[in-house]
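Structure assessment
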Amino acid sequence: MNKVVWRGVRSQNRDKVKRDSAVQDQENHSVSRSPSAPAQDWQSQLRNGYRDPNALRLDLGLPPRALPDNRHFPLRVPRAFVGRMGLGNESDPLLLQVMPDVSENQIDSGYSADPVGDLQSRSAPAVLHKYQGRALLITTGACAIHCRYCFRQHFPYAGHTVSSRRWAQALDYLADTQDVSEVILSGGDPLMLTTPHLEAMTHDLARLPHIRRFRIHTRMPIVLPDRVTDRLLSWLNALPWPTTVVVHANHPNEFDDSVQGALARLRTTGAHLLNQAVLMRKINDSADVLAALMERSFDAGVLPYYLHQLDRVAGAARYEVDVSSLETLMHELRLRLPGYLVPRLVREQSGQPYKLPVL
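Note that the structure is a prediction, hence the values are computed from the model and not measured.

Attention now moves to the overall build of the protein. Across its full length, the protein holds 13 helices and ten strands. Residues counted as buried form 56% of the 359 residues belonging to the protein. When contacts within the protein are restricted to residue pairs at least 6 apart in sequence, those whose partners lie at least 24 apart make up 82%. Of the accessible surface of the protein, which amounts to about 15400 Å², a share of 50% is contributed by carbon and sulfur atoms.

Okay, here's the thing in structure tokens:
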């Protein structure tokens, strides 16, 4: 076995203790903010986001209402993202993505806690190895925003994310699995980790000669653009592999000046930027909205990638789009957009060797 020495992916608390003031200043320097965003560093914005659904409704000019007790997956949304929502609009497409609903407690046929077979694809601690040539690391269970359609909202993160002991085991697995040429950081959201934490991880990964590509799946540049700090950019610039950053925006209203600025800064690192979206009822299930999303994405320097059919995770049935409408929807998109702006409509099915094309 080709052992890789553990270099200590430190806890976030130890990072905070050891990081001197100069490094902290660099970590917190970020893109210019939109007028509605708070004048705080990204970590402070995380702490000061909305956790109370009725406090959010009040600030949006909406009346309070009875909401489910979803302690396993409570409301979490940054104020920067809320600043793009419309006042007094119960049907705001950004609000609908994050507001808990009583339907989440229903039991719907065909919906489950693990709709894409993550648990059966665990190959080592913190490693999912579903597809040939690429392995995914569950870096953290934390996200800046709790999207109500999230397919990992029931994932048992405790014991299955990167820690000192599990990281050593994950590295041993990757070292021994020579056909893995691409490593993907996922979660949760990997950019919830501090940049020194990410630097330590990629320092270790760089010792594996068969790794040729690196990918990050993150919603942070969209929902909390101030996470794109100078130090994060320096880390990306220094990576030894061609790097792809896959962001996640579902609606054109998710793009504002602060998001555009964050994405522009990411592009300076030479990383390839792609966007994946989830097709959802009452949010983006129209050709007008999807075409606008693809145009806004491309204007921000991000190429449309996947349009996912909803993963049937327990509690998310209200978002599913009727299959009978998919053909018309994709036909309209192909009429309106050049081919390179039409995302691939796919669904993920447990046990399949790749994501399945729908149309």
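Our focus in this paragraph is the packing of aromatic side chains. Each aromatic ring pair is characterised by the separation of its centres together with the angle its planes make. As enumerated under the stated definition, the model contains six aromatic pairs in all. When the centroid spacing of 5.6 Å and the interplanar angle of 50° are considered together, the rings of F298 and Y340 count as tilted. Taken together, the residues span a long stretch of sequence, with F298 in helix α12 (residues 287–299) and Y340 in the loop between α13 (326–336) and β9 (344–347) at a distance of 42 residues. Residues Y305 and Y306 carry aromatic rings whose centres are separated by 4.1 Å and whose planes lie at 20° to one another, so their mutual orientation is stacked.

Let's shift gears to the sheet that holds β9. The ten strands are arranged β1-β2-β3-β4-β5-β6-β7-β8-β9-β10 in an open sheet whose pairing can be described as mixed. Two strands bound the open sheet, and with one partner strand each, they are β1 (122–124) and β10 (356–357). Pairing analysis gives three bridges linking strand β8 (residues 303–308) to β9, with the strands arranged parallel. Among the inter-strand pairings, L307 is bridged to a residue of β9, identified as L345. The strands touched by α12 are β7 (272–278) and β8; relative to β8, the strand with the most contacts, the crossing angle is about 145°.

Before going further, it helps to examine the state of the cysteines. On inspection of all chains with the given rule, the structure shows zero disulfides. The thiol of C147 is not disulfide-bonded; the next cysteine sulfur, from C150, is found 6.8 Å away. Judged by relative accessible area, which is 7%, C147 ranks as buried. Sulfur of C150: no disulfide; nearest cysteine sulfur belongs to C143 and is 6.0 Å away. By relative accessible area, C150 is classed as partly exposed at 22%.

Interpretation of this model should avoid reading the predicted coordinates in detail wherever pLDDT is low. Overall, the predicted model of the protein reaches an average pLDDT of 90, with 89% of residues at or above 70. Contacts for the low-pLDDT stretch residues 29–38, under 50 throughout, to residues beyond four places or in other chains number 30 contacts.

What counts as what
Residues numbered from 1 in each chain as written. Predicted model: local features only at pLDDT ≥ 70, side-chain atom pairs only at ≥ 80, totals over all residues. Heavy atoms only, no water. Helix = DSSP H or I, 4+ residues; strand = E, 2+ residues; numbered from the N terminus. Buried < 20%, exposed > 50% of the residue type's maximum accessible area, 1.4 Å probe, protein only. Contact = heavy atoms within 4.5 Å. Areas by Shrake-Rupley, 256 points an atom, 1.4 Å probe, with all protein chains shown as cover. Phe/Tyr/Trp six-rings, centres within 6.5 Å; stacked < 30°, edge-to-face > 60°. Pairing = 2+ DSSP bridges. Axes fitted to C-alpha atoms, helices over the stretch in contact; angles between N-to-C directions. Disulfide = S-S within 2.5 Å. pLDDT = per-residue confidence, 0-100.

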